[in-house]
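Survey of secondary and tertiary structure
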Amino acid sequence: MNNILKVLQIVNNNKKILLLTIFFIFSSIIDLIGLGLLIPYVNLILNPINIYNKFPFLENLSFFSENIILNLSILILLIFCSKFIFSLLINYLIYQNSQKLIHKLRMQLMNSFQQIDYFTYLKKNSSYYIECLTTWSHKFGNNILVSLLKILNESFNFLVIIIFLSLYNFKLLVLILSFLLVLVFLYSYFFRNILQKYGKIVNVTNEKITQLINESFIGFKDIRIYKKENLFFNWIKKNSLYSIRNTIKALMITNSNRYFFELLAVIFFVSLVILSFFNNSLIKLEISGILIFGYGLLRLMPISNSLLGSYLRIKQDSYVIEKVFNEIKASKKNKLKKNNYLKNEENFQKFENILLKNVNYKYNKKNSVTLSNINFNIKKGEKVAIVGK
């Protein structure tokens, strides 16, 4: 939750998030209507004689009366085509916003880095600034923000399918959800800290690789003269292999949940059929109920997979979120410092004279004093130089 709040603060665009949320809700409503129509549609195919007894509202719709199967088929097709088009639009908006955020972050961070004082700049290696402007900004937009928006979108879809299945068989839904939530909790509990660890290792190692590559080209001439090519090559090779090993481990955890949920979907559906066959009182369903509930479960599993996968990706990139968040905070302070500096510069331009009294100066790590008891007055327009022997 802390990571999500930091991401929202970095994005700092509540209007776009609100607009996307409205689109997500509207898409979920279309999905609910489509799922709701599947119940009479399946019953109509399996048992057309009793269709009006089970769904009397169909008799009140005059355009269904003559050819109900054809009309209902067309309506379902139109709804799911609308859902398809709307889903494409939502994905376009998600990726559009993520790419715009990458550009915004890079410009904001670049502007901030250009304004920091020299001593602050020296506290970090130049590879840190390069990594922040390239890899981390890109990862924040393409991985972190996209994952957050997918969590928001899939949460509404998850809720819609839960409502749909609860209206059909609430007891069975509670049983399945309880089992599902326990497994998801255990999966995320055991792997979230491991993912955070692997994510930090990968990002720190990639930062080192960037530093080594940067230094190997900056010092290209000296490296060739002193024949240190193999030294830099082996350093980069060692860190690259270390990064790859940890990346593979992280990808195995984040992507394996897909197969985990696919297996769960098959187990649930087969169990549903077997228990219904034995006429279990808890989940007694007709063939149409099995098909509809099975379809709902097959929809629920990929959504659960997407939710868990997005959450784990955000957890994996906690290190990036923390670093970018801190740099955005620092950029606001740098902007304030720049404004104060400009005010001081304006005041400086108005001076009439500069008076120095008993000024002393020595370099760091030097015992001897370079300047001792300097006293002089510089008037506006004069040029004064202090020259050493």
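See the structure shown above.
Let me sum up the structure you'll find in this document. (Residues numbered from 1 in each chain as written. Predicted model: local features only at pLDDT ≥ 70, side-chain atom pairs only at ≥ 80, totals over all residues. Heavy atoms only, no water.)

Observations regarding a positive patch on the surface
For clarity, the cut-off: Residues form patches when they are more than 30% accessible in relative terms and have no salt bridge. Like charges link within 9 Å. Nonpolar side chains (Val, Leu, Ile, Met, Phe, Trp, Tyr) link within 5 Å. The Shrake-Rupley method, run with a 1.4 Å probe, gives the accessible areas here. Residue values count only the displayed protein chains as cover. Salt-bridge detection follows one rule: a side-chain nitrogen of Lys or Arg within 4 Å of a carboxyl oxygen of Asp or Glu. We treat Lys and Arg as the positive residues and Asp and Glu as the negative residues; His and chain ends play no part in the count. The location of each charge is read from NZ of Lys, CZ of Arg, CG of Asp or CD of Glu. Put simply, DSSP H or I for four residues or longer makes a helix, DSSP E for two residues or longer makes a strand, and each gets a number counted from the N terminus. Note on classification: 1.4 Å probe, protein chains only; a residue is buried when its accessible area is under 20% of the maximum for its type, exposed when over 50%, partly exposed between these limits.
Taken together, Lys16, Lys100, Lys104 and Lys332 make up a surface patch of like positive charges. Mapped onto the elements of the fold, Lys332 is located in helix H11 (residues 318-349). Take Lys332: its relative accessible area is 53%, and that puts it in the exposed class.

Remarks on unusual backbone geometry
Not every positive phi belongs to a glycine, and Asn358 is a case in point at roughly 50 degrees. If you trace the backbone, Asn358 turns up in strand S1 (residues 353-361). A positive phi is found at Asn373, a non-glycine position, where the angle reads about 50 degrees. Assignment of secondary structure puts Asn373 in strand S2 (residues 371-379).

Quick notes on the pattern of salt bridges
Pairing is possible between side chains that carry opposite charge, provided their charged atoms lie close to one another. If you walk through the whole model with that rule in mind, you get three salt bridges. We note a salt bridge from Glu229 to Arg224, for which the minimum N-O separation is 3.2 Å. The class for Glu229 is partly exposed, based on a relative accessible area of 34%. The exposure class of Arg224 is partly exposed, given its relative accessible area of 46%.

Notes on helix H7 (residues 170-218)
An α-helical turn contains 3.6 residues, so any two residues separated by three or four positions project in the same direction. What counts here: For a helix, the expected span equals 1.5 Å multiplied by the residue count minus one. We define the bend at any residue as the angle between the axes fitted to the seven residues before and including it, ending there, and the seven starting there.
When the terminal C-alpha atoms of H7 are compared, their 67 Å separation across 49 residues agrees well with the 72 Å that a helix rising 1.5 Å per residue should span. Its axis deflected by about 35 degrees at Phe191, H7 carries its strongest bend there.

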